[in-house]
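The chain contents come next:
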Amino acid sequence: MKDQLGPVRERIAAGATVAVLSGAGLSAASGIPTFRGAQDSLWSQYRPEDLATPTAFARDSELVWRWYDWRRGLIAGSEPNAAHHALAALEAKTTVTIITQNVDGYHRLAGSSRILEYHGSIWRVRCQDCGNTGLDERVPIPIPPVCERCHGLLRPGVVWFGESIDPQVMADSARAATDCDVFLVIGTAGAVYPAAGLVSAARHGGALVVEFNLEPSRISHLADIFVAGSAAETVPGLIVRQSDAERL
Ligand code: BJW
Ligand code: ZN
């Protein structure tokens, strides 16, 4: 098997810093459906553009909450996979900043410490009326959940289409992408902005861009190295040569 990641491991061993942009494909091996192209899910009839918007929530908050409740149940019932664990283990070798589009919290569970949750967290809630924010990890969640302070309607603490990214998270992510030596793009279609724009920012900043995906994506032309396959099988190759890992 070709050891595409050998040069990347060498750079990291020589002190290169790492930033990661992760997407839904990273958690696919944990059994969490991706957004685009998930054929088998109960919700495949809906497009994220139809559910992950403030307009959808204003129209039918119960439908949107049922979708989030279903996803919370899947996430709570599964766990991070070998790719999340490999990224956490990489911190023993160098500085690693994770910019994740995923809302599942799996990077933290796997033990990574520098995490920027670009699209928020499925475990956070925010009151539509008074702005009160908090964690609500109940599974299942009462639908519709209400604010303890003002009894207003709570919404998921995630970023929907047309909403702004937290300015601090956006600035920290842009800096991490621009300043890193190696930028890993894992399991994202590269279709959603401004997250996808971080790949060109990293490239312009001089990083070596390494993409891990089952298939070429919209940002593959920006990658120096494309590693094909399931992230849970390919990403651990950042830590040990894959053929050695297979012999263990
Ligand atoms: C595997 C695998 C395995 C599978 N191993 N790989 C510039 C240009 C055009 C449009 C815009 C633009 N700037 C802004 C926009 C508008 C919009 C946008 O991007 N639209 C596009 C769809 C065209 N962006 C926004 O609205 C953003 N806000 C914003 O820009 O604010 C400023 C503004 C305000 C007002 C007006 C205009 C601008 C916010 C975007 C928020 C996205 N939110 C969601 C939901 C989050 C909460 C939740 O999870 O419910 O985020 S949508 C959904 O898509 C979710 C994801 O994080 C995001 C990205 O998806 P991802 O991770 O790429 O997943 P998939 O499923 O698409 O792809 C999976 C990939 O994995 C595939 O490539 C597979 O091959 C691969 N794969 N198995 C490895 N085992
Ligand atoms: Zn409230």
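Scroll up to find the structure.
Enquirer: Before we go on, may I ask you to explain the sheet that holds strand 4 (residues 120–127) in this structure?
Expert: Two pairing modes exist for strands in a sheet, parallel and antiparallel, and in both the strands are linked by backbone hydrogen bonds. Spatial strand order, 5-4-6: three strands in an open sheet with antiparallel pairing. Strands at the two margins of the open sheet, each flanked by one partner only, are strand 5 (133–135) and strand 6 (154–158). If you compare each strand with its neighbour and ignore which way they point, the axes differ by 40 degrees on average. Bridge count for strand 4 against strand 5 is three bridges, and the pairing is antiparallel. Following the sheet pairing, arginine 124 is matched in strand 5 by leucine 135. Strand contacts of helix 5 (residues 61–76): strand 4 and strand 6, with the helix running at about 140 degrees to strand 4, the strand carrying the most contacts.

Enquirer: When you look at the environment of glycine 229 in this model, what are you seeing that I'm missing?
Expert: With respect to the helices, strands and loops of the structure, glycine 229 is situated in the loop between strand 9 (225–228) and helix 10 (231–234). Sequence-wise, glycine 229 and glycine 187 are 42 residues apart; in three dimensions their C-alpha atoms are separated by 9.8 Å. Contacts of glycine 229, omitting those with residues within four sequence positions, involve Asn213, Leu214 and Thr234.

Enquirer: Would you mind showing me how to read the nonpolar core here?
Expert: Soluble globular proteins: nonpolar side chains tend toward being buried together. The biggest cluster of nonpolar side chains holds 24 residues, and the ones touching the most others in it are Leu184 and Val210. Contributions of two or more residues to this core are made by helix 1 (6–13), strand 1 (18–22), helix 6 (82–89), strand 2 (96–100), strand 7 (182–186), strand 8 (208–213) and strand 9. Once you skip the residues sitting within four places of it in the chain, leucine 184 turns out to touch Val18, Ala19, Val20, Leu21, Leu87, Leu90, Val210, Phe212 and Leu238.

Enquirer: Teacher, can you tell me more about the coordination of the zinc ion (ligand 2) here?
Expert: Distances from the zinc ion (ligand 2) to its protein donors, Cys127 (SG), Cys130 (SG), Cys147 (SG) and Cys150 (SG), fall at 2.3 to 2.4 Å. Taken together, the four donor atoms surrounding the zinc ion (ligand 2) define angles of 99 to 115 degrees at the centre, an arrangement classified as tetrahedral. In the primary structure, the donors to the zinc ion (ligand 2) are separated according to the pattern C-x2-C-x16-C-x2-C. Assessed through its relative accessible area of 33%, cysteine 130 is described here as partly exposed.

Enquirer: What should I look at first to understand the pattern of salt bridges in this one?
Expert: Any two side chains of opposite charge can pair if their charged atoms end up close together. Applying the stated criterion to the full structure yields nine salt bridges. One salt bridge connects aspartate 3 with arginine 241, and the closest N-O pair in it is separated by 3.4 Å. One end of the pair, aspartate 3, is in the segment before helix 1; the other, arginine 241, is in the loop between helix 10 and helix 11 (242–247), with 238 residues separating them in the sequence. Note that aspartate 136 is salt-bridged to arginine 138, the shortest N-O span being 2.7 Å. A relative accessible area of 9% places aspartate 136 in the buried class. If you follow the salt bridges from partner to partner, you end up with Asp3, Arg9 and Arg241 in one network.

Enquirer: Even after reading the chapter, I still don't get empty space enclosed by the protein, so can you show me in this structure?
Expert: Using a probe with the size of a water molecule, rolled over the atoms, empty space left in the structure can be pinpointed. Inspection of every chain in the model, using the stated rule, returns one cavity of 30 Å³ or more. The volume enclosed by the largest cavity comes to roughly 30 Å³. Every residue along the wall of the largest cavity is listed here: Thr100, Asn102, Asp104, Gly105, Tyr106, His107, Arg108, Ile115 and Glu117. Mapped by element, the contributors of at least two residues to the lining of the largest cavity are helix 7 (106–110) and strand 3 (115–117). In terms of residues, the lining of the largest cavity owes the most to one element, helix 7, which gives three residues.

Enquirer: Got a minute to help me understand the packing of aromatic side chains in this structure?
Expert: Within a pair of aromatic rings, the relevant descriptors are the distance that separates the centres and the angle that separates the planes. If you walk through the whole model with that rule in mind, you get three aromatic pairs. Relative to tryptophan 160, the ring of phenylalanine 57 has its centre 5.2 Å away and its plane inclined at 45 degrees; by these criteria the two rings are tilted. Taken together, the positions of phenylalanine 57 in helix 4 (residues 54–59) and tryptophan 160 in the loop between strand 6 and helix 8 (167–179) put the pair 103 residues apart, joining distant regions of the chain. Grouping residues by exposure puts phenylalanine 57 and tryptophan 160 together as buried. Taking the centre distance of 4.9 Å and the plane angle of 70 degrees together, the rings of tryptophan 67 and tyrosine 68 count as edge-to-face. Judged by relative accessible area, tryptophan 67 falls into the buried class, the value being 6%. Classification of tyrosine 68 by relative accessible area gives buried; the value is 2%. In this structure an aromatic cluster arises from ring pairing among Phe57, Trp67, Tyr68 and Trp160. The positively charged end of arginine 71 is found above the aromatic ring belonging to tryptophan 67, 4.5 Å away from the centroid.

Reading the values: rules and limits
- Residues numbered from 1 in each chain as written.
- Chains lettered and ligands numbered in written order.
- Predicted model: local features only at pLDDT ≥ 70, side-chain atom pairs only at ≥ 80, totals over all residues.
- Heavy atoms only, no water.
- Pairing = 2+ DSSP bridges.
- Helix = DSSP H or I, 4+ residues; strand = E, 2+ residues; numbered from the N terminus.
- Axes fitted to C-alpha atoms, helices over the stretch in contact; angles between N-to-C directions.
- Contact = heavy atoms within 4.5 Å.
- Core = buried A, V, L, I, M, F, W, Y, C linked by side-chain atoms within 4.5 Å.
- Buried < 20%, exposed > 50% of the residue type's maximum accessible area, 1.4 Å probe, protein only.
- Donors = N, O, S within 2.8 Å, 3.2 Å for Na, K, Ca; no water.
- Tetrahedral: all angles 85-135°; square planar, octahedral: opposite > 155°, others 65-115°.
- Salt bridge = Lys/Arg side-chain N within 4 Å of Asp/Glu carboxyl O.
- 1 Å grid on protein atoms, 1.4 Å probe; cavity = no way out; pocket = protein on both sides within 12 Å on 5 of 7 lines; lining within 4 Å.
- Points joined across faces, edges and corners; volume = space filled by probe spheres on them.
- Phe/Tyr/Trp six-rings, centres within 6.5 Å; stacked < 30°, edge-to-face > 60°.
- Lys NZ or Arg CZ within 6 Å of the ring centre and 35° of its normal.

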